[in-house]
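Working through the structure, step by step
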Amino acid sequence: MLIVQIGVILLTFLLGYIFARKEYQNSTIEEKEQLKEELRNPILVFHILPYIGYYLLFIGFVLKISELKYIAFLLVGIGWIIDGADMWKADSKRGLIFVLLGSITFLITIFLALKFLFNFSLL
């Protein structure tokens, strides 16, 4: 069963790589230059946190690792907070919603992780 689970994870990595490469090859020269410029920006790491969290959540469900699911939810929450703060400049209502959802996700995950990992309860 573990071999099938690892195979599914490798297949998703491979499919993601194939789709990204195909999209890059089909883009124009201007789009390629814009992508290279955006990849040089260090703040990009914070904007891809939700996507890393989604992928880790998928791996956590496939491998049935609870700790990995908590880490994934924390990354998603932090990513939503940062994306919401960045969105706030353009649309304050949408940015506020993302910041609130990210904060709620982050806090609930922290409380559940404390209870699961350390058998700690606030009540």
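Refer to the structure presented above.
Not measured: the values here are computed from a predicted model. (Residues numbered from 1 in each chain as written. Predicted model: local features only at pLDDT ≥ 70, side-chain atom pairs only at ≥ 80, totals over all residues. Heavy atoms only, no water.)

**Comments concerning unusual backbone geometry**
Residues other than glycine seldom take positive phi values, yet K64 does so here, at roughly 60 degrees. Topologically, K64 is positioned in the loop between α4 (49-63) and α5 (66-87). Since its relative accessible area comes to 64%, K64 is described here as exposed. (Helix = DSSP H or I, 4+ residues; strand = E, 2+ residues; numbered from the N terminus. Buried < 20%, exposed > 50% of the residue type's maximum accessible area, 1.4 Å probe, protein only.)

**Some remarks on the packing of α5 against helix α6 (residues 92-118)**
Relative placement of two packed helices is described by the angle separating their axes and the distance separating the axes. In the contact formed by α5 and α6, the axes pass within 7 Å of each other and the chain directions differ by 160 degrees. Compared by their axis directions, α5 and α6 come out roughly antiparallel. Between α5 and α6 lies a crossing whose hand is left-handed. Of the residues contributing to the contact of α5 with α6, the split by class is 17 nonpolar, 8 polar and 2 charged. (Axes fitted to C-alpha atoms, helices over the stretch in contact; angles between N-to-C directions. Parallel < 35°, antiparallel > 145°, perpendicular 65-115°, else oblique. Left-handed = near helix turned anticlockwise from the far one by under 90°. Nonpolar A, V, L, I, M, F, W, Y, C, P; charged D, E, K, R; others polar.)

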